[in-house]
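Observations on chain architecture
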Amino acid sequence: MGRSPIIAQDISGISLNPEIQMAPDTQPPEWPDQSRYNQSMATTPVLRLLSLLFLLLPLPLREYLSARHHRLNDANTGELHPIVLLPGLSCSDYEARLTNAYQPSVPHCGAMKGKGWFGLWENTSDLVAHDYARCFQEQMRLVYDPVINDYRNLPGVETSLPNFGSARGFHYKKPLHPEYCLGALRDALEKMGYRDGETLFGAPYDIRRAPPLPTQSSEVFSVYFKQFMQLVEHASKKNHHKKVILFGHSFGGHVALEFIWNTALSWRKKYIKHLILVAPTPSAGFIEPVKNLISGTDMIYVPTATPMFLRSMWRSFESAIVNLPSTTLFGHKPLVITKQRNYSAYDMEDLLTAIGFRDGVEPFKRRALPKMNYFQAPMVPVTCFNGVGNKTPQQLIYWDSDFNKPPELVYGDGDGKVNLMSMLDFDRKMYQRSGQKNQFKSIKLDGAQHTNIITEEWALQRIMQEIIEANRISS
C-alpha cells in the first residue's frame, strides 16, 4: 500500500506550505526504461487513447506521470543537472597501509605491514576468512589528540577511501542488500538517464570523523572539503556549467549540510542547484547515538561480530559523540534511567564516565558540544525528507546500571532512529531564517523508516519526484 507524504501541518506556530498529497491507496507505476516508454508511444491512435485515459487519472498521478515525461525528454537532450551522492555511515569503503611504526596487539595483525594498500573494509567476508576481525577493529580505531584538538589514526596506520567521485565508490557491506547505501536510488537515477562519472557522482567520507564547524580544525575534513568542492566544480564544468544537486542520506546529509556551511555564499550561489536531505542526523541530537555509545552499534558490519564486540572501536570515533542530545532541545528530561540516578542532556559528561568512557569527556566538551547549537541557513534551495509514525527510542532504561546489557526502551514518534522532536527542531530553524524559509520544503513520509526511506519503492518514488522537480526548476 502506498503512503501519503505529510506536508501540510502546523509545527509550533509555523505553517508549512501544503502540497497535493497522493491518495493513500494510490501506488505510482514502476519507472519504465527508455525503450519501453518509446514503444508505448509508437502510434498516433495509441497516443490519443492514452491522452484520454490520462485525463481520467487522479491529479497527483497525472502530475507524477507528467514529470516522468519531462524527465525522459531531459535525459535525451542532456538537460539533467549533475548530482553528487553522500551515503550514510555504513557505506564508505576503506583501504589501509601499515608502516613500520605500527605496533600490532597480536603478531597476526601485522601480517600486512610493509605490503602496500589493502582492503580494510570493502569485502567483509575477507575479515572472517582471514580471522581479521580483531585486527580490523584495531586498525579502524581513532585516537583523540588533545594538543591539536583533533583525531588521528593509530601510529603506523594509514587509511584512504578509494574511488572518491564515483557513485559506485561505496556500498553496503551485506551482499544480500545491494539496495542499501543509495543502491536503489542510484539504479533509479540511471534509469532516469544519469551516468556515473558524467552526470552522477559520489562523495564518500571518513565515517569515523565528524565534519568540523568553520571555526574548528580537522586535518582530514579540510582535505575532504577541498576534494568535494573540486568534484562539484568538475561536475558543473562537465555539464555545461549547470548547477549541481547534492543528495545526502542520514549522516551523509549531516556532512552535506556542514560542507555547505564551510563554503562561501558566492560559491554556493554559483554551483549549488539544490540540497536534498533524506533522514539527516540533526546537530541538536537524538537518542539513538546514546544507545549506540552505551551498548554498541551494528552500523559497522563485520560478519559474526556483535555490537558489544565492536563497541570500543565505535567509541573511538568522533562520529559516535557528535549527535548526542543537546540541552537546548532535550532540557532536563531523563533520557537514561537507572535505579541510582537519571541522566538528562545536561548530564552527558557524567554518563560517559559512568559507562566507562572517561576518555570521551574531553573531545565531547571541546568538539561535540560547540556543534550542538550551531546553525546557519544554507541559503540554497533545500528539501528535507523524514519518516514519521514509527516507534523510536526516546528513553533508555538500565535499571540495574548494567550498561553491558541491552536497555529497556521507551518509545515515541520518529523514523525508528531520529526522534520527531529533532526533525521538527531542524524544520523550525530553517523556517525562522530570513532568506531561507522560501527556499525550504519539509516532507514527512508516514511509515517510512530511517533506512528504508531510500529503498522502499513508494518512498523512493516520492524522493525521485523531488529530484525531477529540482531538474525542472530554472535558477
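For the structure itself, look to the data block above.
Attention here is on the structure that accompanies the text. (Residues numbered from 1 in each chain as written. Predicted model: local features only at pLDDT ≥ 70, side-chain atom pairs only at ≥ 80, totals over all residues. Heavy atoms only, no water.)

1. A look at the overall build of the chain
As a reminder of what qualifies: The way it works is that DSSP assigns letters per residue, a run of H or I at least four long becomes a helix, a run of E at least two long becomes a strand, and they are numbered from the N terminus. By the convention used here, residues are in contact when the closest approach between their heavy atoms is within 4.5 Å.
Tallying secondary structure elements over the chain gives 16 helices and 18 strands in all. Of the contacts made within the chain by residues no fewer than 6 positions apart, 74% connect residues no fewer than 24 positions apart.

2. Some thoughts on the sheet that holds strand β5 (residues 94-98)
Short version of the rule: For two strands to be treated as a pair, DSSP must find no fewer than two bridges joining them. Geometry is summarised by axes, namely lines fitted to C-alpha atoms with helices restricted to the contacting stretch, and by angles between N-to-C directions that run from 0 to 180 degrees.
With antiparallel pairing, the three strands of this open sheet are ordered in space as β6-β5-β9. Edge positions in the open sheet fall to β6 (118-121) and β9 (157-160), since each of these has one partner strand only. Across the sheet, the mean angle from the axis of one strand to that of its neighbour is 40°, orientation sign disregarded.

3. Considerations on the nonpolar core
Spelled out, the test is: In these notes, a set of buried Ala, Val, Leu, Ile, Met, Phe, Trp, Tyr and Cys residues joined through side-chain atoms within 4.5 Å is what counts as a nonpolar core. Note on exposure labels: buried denotes an accessible area under 20% of the residue type's maximum, exposed denotes more than 50%, and partly exposed covers the range between, all computed with a 1.4 Å probe on protein chains only.
If you look at the biggest cluster of nonpolar residues, it comprises 91 residues, and the most contacted ones within it are F136 and L246. Leaving out residues up to four positions away in the same chain, F136 has contacts with L120, W121, L127, I300, V302 and M313. Counting residues in hydrophobic clusters, the runner-up holds 34 residues, among them A184, A448, I453 and L460.

4. Digging into the pairing of strand β18 (residues 440-446)
The side chains of a regular strand alternate, first on one face of the sheet and then on the other. When you tally the buried positions in β18, you get five out of seven residues, the bulk of the element. Sheet topology note: the strand β15 (residues 382-388)/β18 ladder contains seven bridges and is parallel. The residue of β18 that forms the bridge with G387 is L445.

5. A word on the state of the cysteines
Stated precisely, the cut-off is as follows: Criterion for a disulfide: a pair of cysteine sulfur atoms at a distance within 2.5 Å.
A complete count under the given rule lists two disulfides for this structure. The partner cysteine of C91 in its disulfide is C181, sulfur to sulfur 2.1 Å. Around the S-S axis, the bridge from C91 to C181 shows a dihedral of about -90° and counts as left-handed. A residue pair is termed long-range when its members are at least 10 positions apart, and C91 in the loop between β4 (83-86) and β5 and C181 in the loop between β9 and α6 (183-192) qualify at 90 residues. For C91, a relative accessible area of 3% corresponds to the buried category.

6. Considering the packing of helix α7 (residues 219-238) against helix α8 (residues 251-261)
Going by this rule: Put simply, angles under 35 degrees are roughly parallel, angles over 145 are roughly antiparallel, angles from 65 to 115 are roughly perpendicular, and the rest are oblique. Residues are sorted three ways: Asp, Glu, Lys and Arg are charged, Ala, Val, Leu, Ile, Met, Phe, Trp, Tyr, Cys and Pro are nonpolar, and all the rest, Gly among them, are polar.
One can describe the packing of α7 onto α8 by two numbers: an axis separation of 11 Å at closest approach and a directional angle of 80°. The angle between α7 and α8 falls in the class roughly perpendicular. Along its contact with α7, which presents F221, Y224, F225, F228 and M229, the element α8 presents V255, E258 and F259. Considering only residue class, the contact of α7 with α8 consists of seven nonpolar, no polar and one charged.

7. Quick look at helix α5 (residues 133-140)
Taking burial as the measure, the eight residues of α5 include seven buried ones, the bulk of the element. Packed against the buried residues of α5 are β5, β6, α4 (125-129), β7 (142-145), β9 and α11 (311-315).

8. A short note on helix α15 (residues 420-432)
What counts here: Residue count minus one, scaled by 1.5 Å, sets the expected span of a helix.
End to end, α15 covers 18 Å across 13 residues, agreeing with the expected 18 Å (1.5 Å per residue, within 8%). Taken as a whole, α15 has its buried residues at S422, M423, L424, D425, F426, D427, K429, M430 and Y431.

9. Quick notes on the layout of surface pockets
The line we're drawing: Grid points spaced at 1 Å and placed over the protein atoms alone form the basis of the search, with a cavity being a set where a 1.4 Å probe fits but cannot get out and a pocket an open set showing protein on both sides within 12 Å along at least five of seven lines. Lining residues have an atom within 4 Å of a point. Grid points are joined across faces, edges and corners, and a volume is the space filled by probe spheres set on the points.
Here the largest pocket defines a volume of roughly 680 Å³. If you go around the largest pocket, you meet 38 residues; those closest to its centre are S90, D298, M299, K417 and T451. Tallying contributions element by element places helix α10 (residues 288-295) first for the lining of the largest pocket, with three residues.

10. Quick look at empty space enclosed by the protein
As enumerated under the stated definition, the model contains three cavities of 30 Å³ or more in all. Considering only enclosed or pocket space, the largest cavity measures out at about 130 Å³ in volume. In this structure, the largest cavity is lined by 16 residues; those nearest its centre are L257, T281, P282, S283 and F426. Elements that contribute at least two residues to the lining of the largest cavity include exactly α8 and α15. Broken down by element, the lining of the largest cavity gets its largest block of residues, five residues, from α8. Partitioning the lining of the largest cavity into residue classes produces eight nonpolar, five polar and three charged.

11. Here we look at the packing of α6 against helix α16 (residues 457-472)
Condition: Crossing chirality is assigned from the near helix's rotation relative to the far helix, an anticlockwise turn below a right angle marking it left-handed and a clockwise turn marking it right-handed.
Close contact between α6 and α16 brings their axes to 11 Å; oriented N to C, the two are set at 45°. Taken together, α6 and α16 sit at an angle that is classed as oblique. For the pair α6 and α16, the sense of crossing is right-handed. Seen from α6, the contacting residues are A184, L185, A188, L189 and M192; seen from α16, they are L460, M464, I467, I468 and N471. Residue classes in the contact of α6 with α16 are distributed as nine nonpolar, one polar and no charged.

12. Digging into the pattern of salt bridges
Where side chains of opposite charge bring their charged atoms close, a pairing between them can arise. Our working rule: Salt bridges are defined as contacts in which a side-chain nitrogen from Lys or Arg sits within 4 Å of a carboxyl oxygen from Asp or Glu.
For the coordinates displayed, the defined rule picks out 22 salt bridges. Linking K405 and D402 is a salt bridge whose minimum nitrogen-to-oxygen distance equals 3.9 Å. A salt bridge links R472 to E469; the shortest N-O distance between them is 3.9 Å. Placement of the pair is R472 and E469 together in helix α16, with a separation of three residues, close to one helical turn. Within this structure, D206, R208 and R209 form a network of salt bridges that share partners.

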